Each structure stands twice: as structure tokens, then as C-alpha cells.
Amino acid sequence: MTERPAQRVPNRQLAALIAEAGFSNAGLARRVDQLGLEHGLDLRYDKTSVTRWLRGQQPRGTTPALIAEVFTRRLGRRLSAQDLGLDACAPVYAGLEFAATPEEAVDIASGLWRKDSGSHAELRKIAFTPAGLVVPSRDWLIGRADERVGRGADPAAPRVPVQGRTAVPRQRQIDRGPGQRVTGGDIAALRSVGDLFRTLDHAYGGGHARQALVRYLEHEAEPMLRGTYGETTGRRLFSAAADLTRLAGWTSYDIAAHGLAQRYFVQALRLAQAAADRPYGSYVLITMSRQAVYLGHGREAVQLARVAQQGIGSGPPPVVQALLHSAEARGHAVLGEVRASTASLVRAERALGAARPGDDVPHWARFYDEAQLADEFGHCHRDLQQYRASAQHAERSLQLRAPGYARSRLFCRVVLATARLGLGELDQACALGAEAAQQAMEMRSVRAVEYVRDFERRLEPYRDAAAVRTYRDRVAALS
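A short tour of the structure in this document, coming up.

Analysis parameters
Residues numbered from 1 in each chain as written. Predicted model: local features only at pLDDT ≥ 70, side-chain atom pairs only at ≥ 80, totals over all residues. Heavy atoms only, no water. Axes fitted to C-alpha atoms, helices over the stretch in contact; angles between N-to-C directions. Helix = DSSP H or I, 4+ residues; strand = E, 2+ residues; numbered from the N terminus. Parallel < 35°, antiparallel > 145°, perpendicular 65-115°, else oblique. Left-handed = near helix turned anticlockwise from the far one by under 90°. Contact = heavy atoms within 4.5 Å. Nonpolar A, V, L, I, M, F, W, Y, C, P; charged D, E, K, R; others polar. 1 Å grid on protein atoms, 1.4 Å probe; cavity = no way out; pocket = protein on both sides within 12 Å on 5 of 7 lines; lining within 4 Å. Points joined across faces, edges and corners; volume = space filled by probe spheres on them. Expected span 1.5 Å × (residues − 1). Buried < 20%, exposed > 50% of the residue type's maximum accessible area, 1.4 Å probe, protein only. Arc of directions from axis to C-beta.

1. Notes on the packing of helix α14 (residues 318-334) against helix α16 (residues 370-383)
And step 1. Taken N-terminus to C-terminus, the directions of α14 and α16 make an angle of 15 degrees; their axes are 8 Å apart at the nearest point. By the angle class used here, α14 and α16 are roughly parallel. Considering the relative orientation of α14 and α16, their crossing is left-handed. For the pair formed by α14 and α16, the contact residues are Ser-326, Ala-329, Arg-330, Ala-333 and Val-334 on the first element and Glu-376, His-379, Cys-380 and Asp-383 on the second.
And step 2. Looking at side-chain class alone, the contact of α14 with α16 contains four nonpolar, two polar and three charged residues.

Quick look at the structure:
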């Protein structure tokens, strides 16, 4: 890599952080190279490179951001290139910023929508970073709703209570000029589109219409966010935009574009804050927790679920409480923490049992029912290797789950197959696995395929059994 000419002043900030992290020069260089590979970069730094940085040379391109991320992961706190005494540059992890203002939030989110146009293979190269979960969730927890989100002259806009007082918002300059006037009908359209894409996602997988959703955000939602609206309409608009952005992240997650999905989730969280929609922000955090579970980051999953519980405030509906507790249970199960997972499942079960038909349940939590709770139990018991309990709950979920949730039913069928395998019921396990494999072929869902592959890896010790040979023949015939 080409370096800038050496400066005369040694980089004492970098030296202090190297000592704090316990890195050798060679160790730091190796970690920067490894992180670069996650982004498709062939860097080839060595201990001599680090010596030059310590003497004051400045690495070019995205390397300062990569070095900062290495220290962020090691030390558990967010560090920038400037914190290391290095020149600022375009961040490698653009999209993980928790914006300071609603305008900046719109800029970052719309930048993601516009850039999201590559092939699935290219999108999967965007790296997921567990360290990128810390700052946004913290900022959301300690943050408060923006005092004003309206655009354009709106003297009748209601005042927003802030910390027990009434905040009098300053009239701000509209930086791009007034655009279209956003109406209640526009927001209703955003909500309807969200319902449509959710239905497609459940039935056919995230890859089926994901690009159509992203283009809708770019061509319809962004002009609304840059349009003209008062405070009440603006809050509703940001809430609807947060919902669609979270869904774009969810569908990205389903095609295994995990780094891109992470960025969508962070921006959905920020848009929810602009909407003053604290409950929906908690739901975004739960979505992030589920992705962390899937990727094996159990500790981060538990932390996100707890932040969601802490930040939602008092008195959420029982269904929402059940959703929050079961998400925490999944994180504990990935970590093998039997008692903690069981305790969270019990809290979820009690909360759902307290739900009543007349409860005011937010639209995003209405999917959570007895079938979903049984599914959570089945997954947790599978991860804890409690196969008999896992099979019982997975069977119950399949009995209760509506046909429209085809992907969830597939996941649950694989959980049941895994449980049957764990109980030594090889024939039943293979029959269930073959059904799931056939369904996965009919979906555009990388997660569905990976569930089936995980089951097949578990079959490997029994590869010579007749049932496994039959399974393989059936699956081969599908392709």
C-alpha cells in the first residue's frame, strides 16, 4: 500500500492504544489485514507498516477506519480514526451512524436505498460487525424524540414535551426547499405497501421482492421525507418510513446480506426515534437481536433484548412483553445458559397468557401468538439440546401456524427434524428434512437453505444409514 510522506511527530495516541489493547505491531497488522479481507481488500500490512504509522505516517484510503474498527472490537468502545491520531476518511462502516438530526437520518437512510442495487453476491460482501451494535442501541436508549421533525412553515405545530417541560422549537431553515405536501393518504399508502411486502416475505422469502421494496423507498418514501409536512404528519411519516426500512433490512437478512441488513436496522432505529415511536424502536432492537442469534452472537443478542425491554417504558401490552422476553430467551439459549433461557421463556409464556382480545396491540406485534411462542420454545430447547421438549413445542407450532407463514413453518419443520434426530428417530427426521428441503427450493430465502444445510451437517454421522441415503436421493431429485 502507498503511504503518505512521514510526519515528524510520533503518533503517541496510537502507541497508547496499542499498549492498552495488548497488541504487538505484527498482531495489529494481521488484524487489519483480516478485517480488510471481510471487505474484499488485499492489504498485506506487516509490523514494519505499524512502525511507520507510529512514526507519524498516515495510511491512505479506508485503512484508518479499518484500524479504528480493530481497536473498537478489541476494547469494546467506539473509536474513530481521529482517536488514533490518524486522518479522517470515508468510514468503512458507513450506514452504522446514529444520526444527530432527522435531516441527517434521512440523508443516511436514503443513501442506503440508492446504493442498494448490486447483485446478492456483492451485497453479501458488506461486513456485519458486532461492535456496530453497541453505539446505536446506547444512543437510542439514552436519547429522546427530536423536538421537531416538520418541514415548512407550520406555526400551528404542537409543542413536544421534553424532560417534563414544553420545548418551543425554533423555526429552522429548510435546506432543500419545500417539496410535495405529504398527506394522511400518502402515509396510509406506505403502510399498505409494508403489509404487501411483509406478506410476500412470509410466503416466498426475502429475495422475492426485496429490490422492489428498496426502489419504492427510494422513489416514493424519500420524496415524502424531503417534502412538506407538519409535526403530527411528520411523526407518522417517520414511523412508516422506519417500518419499511426495517423490512428492507429483514429481507436483506433473509438473503444473507448481513452487513447491509445491520445498516438498515440501525437507520430504522433512528427513524423510529424521529417518529417519537419508542415501542417500534424496541421492536427494531429485537429484530437486531434475532439477527445476532442467527449469526451466533448470543451475548449481543441478550444485550439488545434487554435494552429493548429497558427502553420501551412501562406498561407495554402483554403480547409485546412476550415478544421481548422470548427474544432474550433465544440469546441465552445460543449461549447454552439453561436457567436464564428458561426464566425468559416462562416470563414470555406468562405475558402472553395475560393477553386479552381487546388489548391495543401495535400492528408490528400482531403476529406474535401461541404458534410463535411455541416456535420460540422449540428453537430454544433445540439449542439447549433438550430434544424431547423441542419436538413437542415444534409440533404444536406447526399445528397452530397459519399457512401464509410458509418460511416460519419451514424453519419450525427443520427444528422438529433436528429434535427427532437428537432423539434417535432417524426415519422421521429424514422425512421431515426432505419436506423442508423441497419447500426451501421453492423460496428465495438463503436462511431457509441454511436451515436445511445445518440439518444435513447433523446427518453426517449417520451418512451410511438407509434413511439418510433415501433423504439424499429425494433431495437430489429436486434439483
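2. Description of the layout of surface pockets
And step 1. For the largest pocket, the calculated volume is near 1,100 Å³.
And step 2. The wall of the largest pocket is formed by 41 residues, among which Trp-250, Arg-290, Ser-408, Phe-411 and Arg-447 lie closest to the centre.
And step 3. Elements with a contribution of two residues or more to the lining of the largest pocket: α8 (184-204), α10 (231-254), α12 (278-294), α14, α16, α18 (406-422) and α20 (446-459).
And step 4. Its residues placed into classes, the lining of the largest pocket shows 15 nonpolar, seven polar and 19 charged.

3. A look at the environment of Arg-401
And step 1. Along the polypeptide, Arg-401 turns up in the loop between α17 (387-400) and α18.
And step 2. Considered as a pair, Arg-401 and Ser-137 are 264 residues apart in the sequence and their alpha carbons are 32 Å apart.
And step 3. In this structure, Arg-401 is in contact with Ala-371, Gln-372, Asp-375, Ser-408 and Arg-409, ignoring residues within four places of it in sequence.

4. Observations concerning α17
And step 1. Here α17 spans 20 Å end to end across 14 residues, near enough to the 20 Å set by a 1.5 Å rise per residue.
And step 2. Inspection of α17 places Tyr-387, Ser-390, Ala-391, Ala-394, Ser-397 and Leu-398 among the buried residues, and these make up the whole buried set. Burial along α17 is one-sided: seen end-on, the buried residues are contained in an arc of 130 degrees. Away from its buried face, by an angle of more than 90 degrees, α17 presents the exposed residues Arg-388, Gln-392 and Gln-399.
And step 3. Buried residues in α17 make contact with α16, α18 and α20.

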